[in-house]
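# Structural description and commentary
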Amino acid sequence: MRLLGCALTATLAIGCDPAQSSSSSNDTMFGLFKSKSASTVDPAVGAALVREAAFPAAPATPVGAAYPQPRRMALDAPPPAGKLSPNVDGQSPAEAWISDAKPAALALVNVFEPKRRCELWLVDKGDGHQLARQVPLRFDANQEKWSASSAQEVLALPGGKLLVLLRYRVPNPVDALFLLDDSGVARRFGLAQPDWPAGLPSRFLDNLQLTPEAVLAVYRTDSVRLGPERYVNRFDHLVLFSPRHPTGLEVARIGIDDGNVRDWRFANGKLWLQTADPRGDSPRTFNWSLDLSHVL
């Protein structure tokens, strides 16, 4: 699996009946009540989440994006002096995600010394291994108070935008998603949590290419501790980005009662989800479908 807005209230259905999820004995112990973790679908989708008996096989050929994907590169010195190289080994003084946007390629740069910080630069048009000019980057009105910041994951979106998982300290570490355009203006989506059941290295953001011009992203929120080194996320947020929805449409928010998303497919306008609820002595698994043809 490669993997915003407001609370939503559409009805969920299994066939023709509303989706019902039984609570495990651990729900009460850890405060995971159904009223706090119900799944919802945006009314704009015009369809309900449907319980399915089986999960479809993977397509023979995954859909590719019609827009360029970011390239992760190393810098042998902090910008602007550093030269870009594809040899990312975790030892360089700076790293960058290169987005081949128009009219000039952008570099979202993590500078590690003397203070860990995230910067935005234009790539030199004449020399693609050199940074040309810094673009003012504003994540937050109070970011001058951050003691450190760095991009952890970067997803390319239609229209040249980037979805950035940024970690910053204020003074404690915070992980949040930001929608970034090529002018350096960032809009915060909200906080994000790791995909705990997926293990290490931690992932916060995954994506599924639906069509060449549409991508679905998932991020997680509301982590709850189940026990020693055991956590669960109360919600998985599924967000559609496309020319119709350039700033993102949260098509569904999947509550833990219906499982955390473990795998997904897309075929013939329909999204398929395979989910698992790890609470309790016997984890539960589910298969779901959601018709997205109305919003694509």
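Residues numbered from 1 in each chain as written. Predicted model: local features only at pLDDT ≥ 70, side-chain atom pairs only at ≥ 80, totals over all residues. Heavy atoms only, no water.

A tally of regular secondary structure across the protein gives 1 helix and 21 strands. With an accessible surface of roughly 13,900 Å², the protein has 53% of that area assigned to carbon and sulfur atoms. (Helix = DSSP H or I, 4+ residues; strand = E, 2+ residues; numbered from the N terminus. Areas by Shrake-Rupley, 256 points an atom, 1.4 Å probe, with all protein chains shown as cover.)

Okay, the pattern of salt bridges next. Scanning the entire structure with this criterion turns up 15 salt bridges. The salt bridge partner of Glu95 is Arg72, with a shortest N-O separation of 2.8 Å. Placement of Glu95 in strand 7 (residues 94-99) and of Arg72 in strand 5 (residues 71-75) is noted, with a sequence separation of 23 residues between them. (Salt bridge = Lys/Arg side-chain N within 4 Å of Asp/Glu carboxyl O.)

This part takes up the confidence of the model for the protein. Per-residue confidence for the protein gives a mean pLDDT of 86, with 88% of residues at or over 70. Considering only residues more than four positions removed or in separate chains, one finds that residues 2-35, a stretch of pLDDT under 50, has 82 contacts. (pLDDT = per-residue confidence, 0-100. Contact = heavy atoms within 4.5 Å.)

With that settled, the discussion passes to the nonpolar core. Of all hydrophobic cores here, the largest spans 39 residues; its most connected members are Leu108, Phe139, Leu163, Leu177, Leu180 and Phe241. The set of elements that each furnish at least two residues to this core consists of strand 8 (106-111), strand 9 (117-123), strand 11 (148-156), strand 12 (162-169), strand 13 (173-180), strand 14 (186-191), strand 16 (214-227) and strand 17 (230-242). Among the nonpolar cores identified, the runner-up in size contains 24 residues, and Leu210, Val261, Leu273 and Leu290 belong to it. (Core = buried A, V, L, I, M, F, W, Y, C linked by side-chain atoms within 4.5 Å. Buried < 20%, exposed > 50% of the residue type's maximum accessible area, 1.4 Å probe, protein only.)

Attention now moves to the side chain of Asn260. By the element assignment, Asn260 lies in strand 19 (residues 260-267). Polar contacts involving the side chain of Asn260 include one to the main-chain carbonyl oxygen of Asn233, which spans 2.9 Å. With residues near it in sequence (within four places) discarded, Asn260 still touches Pro197, Val232, Asn233, Asp236, Gln274, Thr275, Ala276 and Pro278. (Polar contact = N/O pair within 3.5 Å; in protein donor to acceptor, adjacent residues only side chain to side chain.)

As a further point, take the sheet that holds strand 8. If you trace the 6 strands from one edge of the open sheet to the other, you get 6-5-7-8-9-10, paired in antiparallel fashion. Each edge of the open sheet is held by one strand with a lone partner, namely strand 6 (84-85) and strand 10 (131-135). Pairing between strand 7 and strand 8: 6 bridges, direction antiparallel. What sits directly across from Trp97, in strand 8, is Leu108. (Pairing = 2+ DSSP bridges.)

Here the bond from Glu113 into Pro114 is cis, since omega is 0 degrees, no more than 30 degrees from zero. Residue Val170 is joined to Pro171 through a cis peptide bond whose omega torsion reads 0 degrees. On the secondary structure map, Pro171 appears in the loop between strand 12 and strand 13. The phi angle at Glu229 is positive, at roughly 55 degrees, despite the residue not being glycine.

With that out of the way, let us pick up the pairing of strand 9. Of all 7 residues that make up strand 9, 6 are buried, and the element is covered over most of its length. Relative to strand 9, strand 8 runs antiparallel, the two sharing 6 bridges. Residue pairing for strand 9: Ala107 is matched across the bridge by Trp121. What sits between the antiparallel neighbours strand 8 and strand 9 is a turn of 5 residues. Pairing analysis gives 4 bridges linking strand 9 to strand 10, with the strands arranged antiparallel.

In this section: the sheet that holds strand 13. Strand order in the open sheet made by the 4 strands is 11-12-13-14, with antiparallel pairing throughout. Both outer strands of the open sheet, strand 11 and strand 14, are each paired with one neighbouring strand and no more. Averaged over all neighbouring strand pairs, the angle between strand axes comes to 30 degrees, with direction disregarded. Judged from the 5 bridges that link them, strand 13 and strand 14 form a sheet pairing that is antiparallel. Looking across to strand 14, one finds that Leu177 is bridged to Gly190. (Axes fitted to C-alpha atoms, helices over the stretch in contact; angles between N-to-C directions.)

Looking at the element boundaries, Gly128 is found in the loop between strand 9 and strand 10. For the pair Gly128 and Lys83, spaced 45 residues apart in the sequence, the C-alpha separation amounts to 9.1 Å. Filtering out sequence-adjacent residues up to four positions away, Gly128 remains in contact with Leu84 and Val123.

This part covers the packing of aromatic side chains. The tally for this structure, following the rule as stated, stands at 6 aromatic pairs. One Lys or Arg, Arg51, reaches over the ring of Trp288 and ends 5.7 Å from the middle of that ring. (Phe/Tyr/Trp six-rings, centres within 6.5 Å; stacked < 30°, edge-to-face > 60°. Lys NZ or Arg CZ within 6 Å of the ring centre and 35° of its normal.)

Relative to the assigned elements, Ser99 resides in strand 7. Residue class for Ser99 comes out buried when judged on its relative accessible area of 8%.

A word on the environment of Ala107. Within the fold, Ala107 resides in strand 8. Look at Ala107 and you get buried, because its relative accessible area is 0%. Separated by 16 residues in sequence, Ala107 and Val123 have C-alpha atoms that sit 6.4 Å apart. Residues within four places of Ala107 in sequence aside, it is in contact with Ala96, Trp97, Ile98, Glu119, Leu120, Trp121, Val123 and Leu131.

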